[in-house]
Amino acid sequence: MSELVNVIRDPSSGRVADAASLSAVGDRSPLDGLDRRSLTPLDVFAQSAAAVGPAGVAVAIPAILASTAGSSALWALVLAGALTVLVSWAVNQYTRRMGSSGSLYTFTVKSLGPNVGALSGAALALGYSAVILFSLIGSTLVIIRWLGIGDTSVTRWATAGVFVLLAAAVAALAVRTVRRSTRTALVIEVIAIVIIVAVTIWFLVVIDAPPVFEVTSLPTGADAPAFLTAVALAMTGFVGFESAASLAPETRRPRINVPRAIRWTVPVALGVFVLSMYAETAGVRAVGHGMGMPHGPGTALPGTFSAPIAAYVLDLAVVGSMFTAALAHTTALARLIMTAGREGVLPRRLGRLHPTLRTPATAVVVIWLGLVPPATVLLLQADPWSVALKVLVCAVLGFLVAYVLVCAGVAPFLHRIGEWTWSAVVGAGAATVALLGIIAVYAAHIAPESWPVLVGAGAFLTAASGAMIWRRVRGGLRIGLYDQVVGSDLLTAPQRASR
Amino acid sequence: MMKRPAPQTALGGAFRILEQVARAGAGVTTRDIVAATGMAPSTVYRLINQLAEEEYLERLPDLRGFALGRRVAELSESFGPTLTLSRAAHARLEQARADVRGGLHLVSYSNERVTVIDLDPDVPLFAPDVLHHQPERTAIGRLMLATAHTRHDTAAHAPTLPALVETVRARGYAIQVDELRRGAGCLAVPLSDPDGRVLAALSLATSSARLAEPDALAERLHRHGAELSALIV
């Protein structure tokens, strides 16, 4: 291995195979200015875990699944988890090779080109902002109920006040250094999960739950449509698992730690979901109800069985989980906006970072301002909770579209970089087909009640991606910025090598 | 090129790939590596991505080509010091040690990494780990960052780095007091070649009390350093 030793002893003797590709190496990353390599593996895991918000989902989703698929709901959940594992594996085909604050948007630009990439960007923006809106409205409603303000004239003012405070707290945390915000999210989410798991186990003990296989059953052929709907709905519980990808430039050893965070988030969330799904099913069998909140916040642990303190603790976990979900998605959305700002697809000013905190502060402020009008409209509704759920439908659609594009892009991406393998392409193809099926089933399920939401989401995607494409073509912009290698990362710096 | 049998282990394969990247040069693609090494494509893809994850290889901006990463230089640490002291230089260093008291270490800077040339036998290095991974927290590291020939990605280190670097440049030496260990600190002065390039450093580890007025101490170290560098570089 003499050549290796030579180049280590004297890096300036490094050879060049492809001068053109080496000359593209600059001094600075296009995403320069972020707080590089400040996040530990635990921090990026926190980002993905908080974005999924397992504690909040675990309280909300079992009742929904049980009412759809009955005793086979648990198996629908497990199947959805397995599908999500497949999707996360497809996402990691990119995260192992490149990192970008633009996350799936950048991956899609690099695989399916700038036009499809614009659709992915619009879909992600829709998903992120709808989850932020939903989480903030949901936690506001629970807090208002705690405050014990009935249906009076002060309710609206109090609601608006609580919402603004929560949104300001999220924005303030998102602007602070990225490490502080992920640490905060981690602490709150861990506490929320511990509460959920503890209350669930306590519930199972109190009702003397029968074994899993007694209360659940595998779906039969006749149940297939309902079962598939439940799989689609269950899959919505996992959205956000990819969120760590947007922090790659800020992570230590990102090509190891980001894929690891994404890989572990899904099984951890699935574990929490399965436990609470089991409690739901067993609870319905033993005492006639589960422990979730089927009709909105404030109905946790219903019926004669409940201990009031447990309901409060559970609510606390839900609020905490929603709050951290809002924070995690603000973090991701701000980085997406910043990336598009750097590219020029959005106004360049949005690509700026805070000079000392090194966070996309301008983008966070824009998100915060953008939230106020829709939140006002929603909170003025007679039944804000049911409207908030429609917002969540939007979010889920956005994420599913972004996921299907990123899976469909795996084969072209690997072909482009010359690392095409059958196993990767077959796996990603399976994920693509499964996701398309999920989207179809999900859309068919929600269409009768929420068709205006579907139309609205479609209109937004068309308009936003159209605007992005128009700006790119008119400005002659090159998009797909990612955290590419810089000269100081290389053993032989480009200028020395070319001499 | 002569074909060799495929390596038997992943480790063998990884070194075969590193060697091939060094031989072919920056910008080599996975396809070239597969052709040159005779290894199975899927094995090459897997090992290349693992080497890139560990930052021994870096993917170039077109995402297809690869180049050796800076981390490869760490492999050279097992080769031992790059500089050996002449008897005269060693005697001069001992003389300096007798004069200043405390732990006086001689280190060299090559490829923007610190290599220990001569450790004070009586005083171990404060925190070798910190020196390698967070150089900006040590006097030796600050001096290196302030005098590096190539521009550093300062953001990779600490937000306070530009200020630190300015201070070092203004004073002509680097200092760290109480930051790694309470009551102790370090002062480093540069050793330059005739062209003024900083190639090595003398670093004194001593009590914080002695470092309270560092200018006089730095002056003394500078004098020793100037004579020592005439014998070394």
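Here, the structure is the one placed above.
Residues numbered from 1 in each chain as written. Chains lettered and ligands numbered in written order. Predicted model: local features only at pLDDT ≥ 70, side-chain atom pairs only at ≥ 80, totals over all residues. Heavy atoms only, no water.

### Some words on the interface of chain A and chain B
Taken together, the contact pairs 47 residues of chain A with 46 residues of chain B. Taken over both partners, the interface formed by chain A and chain B buries close to 4200 Å², and the fraction arising from carbon and sulfur atoms is 55%. Joining chain A to chain B, the criterion identifies 6 salt bridges. The salt bridge partner of glutamate 419 of chain A is arginine 59 of chain B, with a shortest N-O separation of 3.0 Å. Summed over the shared surface of chain A and chain B, the result is 17 residue pairs in polar contact (both at pLDDT 80 or more). Going through the elements one at a time, helix H1 (2–9), helix H2 (19–23), helix H12 (254–287) and helix H16 (410–416) of chain A are the ones with two or more residues in the side of chain A that touches chain B. With 6 residues, the single largest contributor to the side of chain A that touches chain B is H1 of chain A. Each residue belonging to the side of chain A that touches chain B can be placed in one class, and the counts come to 22 nonpolar, 6 polar and 19 charged. (Contact = heavy atoms within 4.5 Å. Buried area = accessible area lost by both parts, 1.4 Å probe. Salt bridge = Lys/Arg side-chain N within 4 Å of Asp/Glu carboxyl O. Polar contact = N/O pair within 3.5 Å; in protein donor to acceptor, adjacent residues only side chain to side chain. Helix = DSSP H or I, 4+ residues; strand = E, 2+ residues; numbered from the N terminus. Nonpolar A, V, L, I, M, F, W, Y, C, P; charged D, E, K, R; others polar.)

### Details of the packing of helix H6 (residues 139–147) of chain B against helix H7 (residues 161–171) of chain B
Residue and element names in this part refer to chain B. Between H6 and H7, whose axes approach to 9 Å, the crossing angle comes to 85 degrees. With respect to H7, the axis of H6 lies roughly perpendicular. For the pair formed by H6 and H7, the contact residues are Arg142, Leu143, Leu145 and Ala146 on the first element and Leu161, Leu164, Val165, Val168 and Arg169 on the second. Along the lines of polarity and charge, the residues of the contact of H6 with H7 split into 7 nonpolar, no polar and 2 charged. (Axes fitted to C-alpha atoms, helices over the stretch in contact; angles between N-to-C directions. Parallel < 35°, antiparallel > 145°, perpendicular 65-115°, else oblique.)

### A word on the pattern of salt bridges
Proximity of charged atoms lets side chains of opposite charge pair with each other. What the rule picks out here adds up to 23 salt bridges over all chains. With a shortest N-O distance of 3.7 Å, aspartate 43 of chain A and arginine 179 of chain A are connected by a salt bridge. Separated by 136 residues along the polypeptide, aspartate 43 of chain A in helix H3 (residues 41–52) and arginine 179 of chain A in helix H9 (residues 178–206) bring together distant segments of the chain. Residue aspartate 43 of chain A is classed as buried on the basis of its relative accessible area of 0%. Across the pair arginine 220 of chain B and aspartate 99 of chain B runs a salt bridge, and its minimum N-O distance is 3.5 Å. With a gap of 121 residues between them, arginine 220 of chain B in helix H8 (residues 214–232) and aspartate 99 of chain B in helix H4 (residues 87–100) connect regions that are remote in the sequence. (Buried < 20%, exposed > 50% of the residue type's maximum accessible area, 1.4 Å probe, protein only.)

### Side note on helix H14 (residues 361–379) of chain A
Side chains that are three or four residues apart share a direction in an α-helix, a result of its 3.6 residues per turn. A rise of 1.5 Å per residue sets the reference length of H14 of chain A, with its 19 residues, at 27 Å; its end C-alpha atoms lie 26 Å apart and thus fit the reference within 8%. At valine 372 of chain A, H14 of chain A shows its maximal kink, close to 30 degrees; a proline, proline 373 of chain A, follows between one and four residues later. (Expected span 1.5 Å × (residues − 1). Bend = angle between axes of the 7 residues up to and from the residue.)

### Some remarks on the nonpolar core
Soluble globular proteins: nonpolar side chains tend toward being buried together. Within the largest apolar cluster, 155 residues are counted, with the highest numbers of intra-cluster contacts made by Leu65, Val87, Leu136, Tyr403 and Tyr442 of chain A. Apart from residues lying up to four places away in sequence, valine 87 of chain A is in contact with Met235, Phe241, Tyr403, Cys407, Ala431 and Leu435 of chain A. Judged by nonpolar contacts, the second largest core, of 23 residues, contains Leu18, Met39, Val44 and Val72 of chain B. (Core = buried A, V, L, I, M, F, W, Y, C linked by side-chain atoms within 4.5 Å.)

### Section: the environment of arginine 169 of chain B
Residue and element names in this part refer to chain B. Its location among the elements puts arginine 169 in helix H7. The sequence separation of arginine 169 and glutamate 74 amounts to 95 residues, and the corresponding C-alpha distance is 27 Å. Once you skip the residues sitting within four places of it in the chain, arginine 169 turns out to touch Leu145 and Ala146. One polar contact links the side chain of arginine 169 to the main-chain carbonyl oxygen of alanine 146, over a distance of 2.8 Å.

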